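Close look at the chain arrangement
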Amino acid sequence: MTRYDRGLMWFRRDLRVQDNAALHHALKHCRQVWCVFVFDTEILDPLPRADRRVEFIHASVLELDAELRALGARHGRERTGLIVRHAAAREDIPRLARQLHVQAVFTNHDDEPAALARDAQVLGALAHAGVMLHSHKDHVIFERREVLTQAGQPFGVFTPYKNAWLRKIEPFFLKAYPVDKYSTAFAPLPEAMDGPMPRLSDLDFETTNLSKLPMPTGASGAQTLLADFMDRIERYDTARDFPAIKGPSYLSVHLRFGTVSARQLASLAWQMHLQDMKGASTWLSELIWRDFYHQILANFPHVVGNAFRPEYDKVRFEHGKHAQSLFTAWCEGRTGYPLVDAAMAQINQTGYMHNRLRMVVASFLVKDLGIDWRWGERYFAEKLIDFDLAANNGGWQWAASTGCDAQPWFRIFNPVTQSEKFDPQGKFIRRYLPQLAGLSDAAIHAPWKAPELELVAADVRLGQNYPNPIVDHAIARERTLERYAVVKR
Ligand SMILES: Cc1cc2nc3c(=O)[nH]c(=O)nc-3n(C[C@H](O)[C@H](O)[C@H](O)COP(=O)(O)OP(=O)(O)OC[C@H]3O[C@@H](n4cnc5c(N)ncnc54)[C@H](O)[C@@H]3O)c2cc1C
């Protein structure tokens, strides 16, 4: 790569200093480097004013700034740090590049369609000013067309993709990008840009309950969660499906915003996988799912808004007022199926939902209520703190059987059996639905089947302090089989 006198590092979904591909390249190839993060008004303006993600990003950007200052100071550089802007990035990055007289802007790939469109505009504006844009792979281990079938096509099914991924992986792809040793290239902030970071209220956002949740922010938060998970990873394969226990890593939000390096995680998991640690192998598989869905989005962008397999767009979902009221009951956790309602309470109260429950509630919405998977996808996109277009779309299409999966569409989750199997003592249900706490372990999964005496003793009044089921699963199942039968014709 050419060497430049002045460069600009543009942080987006990579809010960390260590092992950051673009930052490494910027520092290595420029004599002086400034760093910027833009609170992008085009992304932020449509959001509700209280949004846990914005608060998470805000706290993480604050930590990033402190880390950049500390790193500069350790290398004898004064007033290094982050330039923080609140503007439309599309216009602001070329403007800032001109103000700083840089010859190149460095950033990491973002393959979401809106981000690609923004980056194409930035590239054009920078080129017009004679400034280069260098973009790097950072967010995943393998991206775009890096893992292909023998016929040279992108994979559409997970297991062969995973096998090819495992055949291709080697230490080279997991090596960290060093940053410290190039840190003398950090440039001092221009005085006019060295002010305090905007507060959340300056961005017109309110605080949420984020600080009360066990979801530490920033790169330090990610390392805290990782250290905790490393003590449990051995048991991941057996613990991961039970929402009442601490089974998974809870690192998804950090992967989403890049406060942790995907390479660091995959490298740890891969080394343990090579030593035959079952928990680590299962966890590595999950990280490979993440790469898989990212390459699906990159290679098949029609999945945004459409079924991955177009024949499934023939399926007609419920519509009109009744559909709306079923959907609202699902969103608000009022379906009468305790595991579904407890899961919806979890997402509404915390912005997180356990993976098993994401599958259960998604299947319930589509296959029990007959609602279009895109409605559920949109709701998750609003609520999930780890919302990621590729993983969310992939998860919803998997649950709706419209996606890239070998699962036949007639396999329909039974919400009561799922509850009995994965929350056998009803611990998770009791945590989120205290009004059902008095029911026995046997009755809590389907209160409408409980003996009247037990309901009275537990003070559960169906239709009053807890709803009756809004659908009969057996009838709904038959309707779904009919609904999906159009695909066969
Ligand atoms: C309907 C539905 C919607 C989903 N929406 C999202 C989303 O918006 N954002 C998101 O990150 N994940 C999503 N997932 C995948 C998964 O549920 C979450 O990644 C996981 O629950 C996050 O918890 P964790 O970090 O403790 O996961 P762990 O079990 O510790 O897994 C480690 C990491 O692997 C990745 N991962 C795990 N499972 C999957 C998967 N099935 N697909 C892709 N990546 C995976 C995540 O980055 C996760 O952090 C969705 C799944 C479904 C069924």
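For the chain, an unreviewed UniProt entry supplies the name Cryptochrome/photolyase family protein and the organism Hydrogenophaga luteola.

**As for the overall build of the chain**
Across its full length, the chain holds 21 helices and five strands. At 24 Å, the chain has a C-alpha radius of gyration in line with the 23 Å of a compact globule built from 489 residues. Expressed along its principal axes, the backbone C-alpha trace of the chain runs to roughly 75 × 50 × 50 Å. Counting the 489 residues in the chain, one finds 57% classified as buried. When contacts within the chain are restricted to residue pairs at least 6 apart in sequence, those whose partners lie at least 24 apart make up 78%. Accessible surface, the chain as shown: approximately 21,000 Å² in total, 54% of it carbon and sulfur. The positive charge centre, built from 60 side chains, and the negative charge centre, built from 57, are 3 Å apart in the chain.

**Comments concerning the environment of Tyr250**
Within the secondary structure, Tyr250 sits in the loop between helix H9 (236–239) and helix H10 (252–257). Between the alpha carbons of Tyr250 and Ala66 there is a distance of 24 Å; along the sequence they are 184 residues apart.

**Quick word on the environment of Glu91**
Mapped onto the secondary structure, Glu91 falls in helix H4 (residues 89–100). Residues Glu91 and Arg118 lie 27 residues apart in sequence; the distance between their C-alpha atoms is 9.4 Å.

**Quick notes on the UniProt feature "domain: Photolyase/cryptochrome alpha/beta" (unreviewed entry) in the chain**
Per the UniProt entry, the sites bearing "domain: Photolyase/cryptochrome alpha/beta" (unreviewed entry) are residues 5–141 in this numbering. As a span, residues 5–141 carries 47% helix and 25% strand, and end to end its C-alpha atoms are 30 Å apart.

**Quick look at the site of the ligand**
Neighbouring the ligand are 28 residues; Tyr236, Ser249, Tyr250, Glu286 and Asn355 lie closest to it. A distance of 3.0 Å is found between an oxygen atom of the ligand and a side-chain nitrogen or oxygen belonging to Tyr352. One of the backbone N or O atoms of Asp388 is found 3.0 Å from an oxygen atom in the ligand. Protein coverage of the free-state accessible area of the ligand, which is 810 Å², stands at 95%. Secondary-structure elements contributing two or more residues to the shell around the ligand are H10, helix H12 (278–299), helix H15 (355–368) and helix H17 (389–399). Residue composition of the shell around the ligand, by class: 18 nonpolar, five polar and five charged. In this structure, the shell around the ligand is formed jointly by two domains, domain 2 (141–175 + 220–299) and domain 3 (310–487), each of which donates at least three residues.

Definitions and limits used
- Residues numbered from 1 in each chain as written.
- Predicted model: local features only at pLDDT ≥ 70, side-chain atom pairs only at ≥ 80, totals over all residues.
- Heavy atoms only, no water.
- Helix = DSSP H or I, 4+ residues; strand = E, 2+ residues; numbered from the N terminus.
- Rg over C-alpha atoms; globule rule 2.2 N^0.38 Å.
- Buried < 20%, exposed > 50% of the residue type's maximum accessible area, 1.4 Å probe, protein only.
- Contact = heavy atoms within 4.5 Å.
- Areas by Shrake-Rupley, 256 points an atom, 1.4 Å probe, with all protein chains shown as cover.
- Lys, Arg positive; Asp, Glu negative; His and termini not counted.
- Charge placed at Lys NZ, Arg CZ, Asp CG, Glu CD.
- UniProt positions renumbered as here; feature names shortened; annotations may be inferred.
- Near = heavy atom within 4 Å.
- Polar contact = N/O pair within 3.5 Å; in protein donor to acceptor, adjacent residues only side chain to side chain.
- Nonpolar A, V, L, I, M, F, W, Y, C, P; charged D, E, K, R; others polar.
- Domains from an automatic or database assignment.

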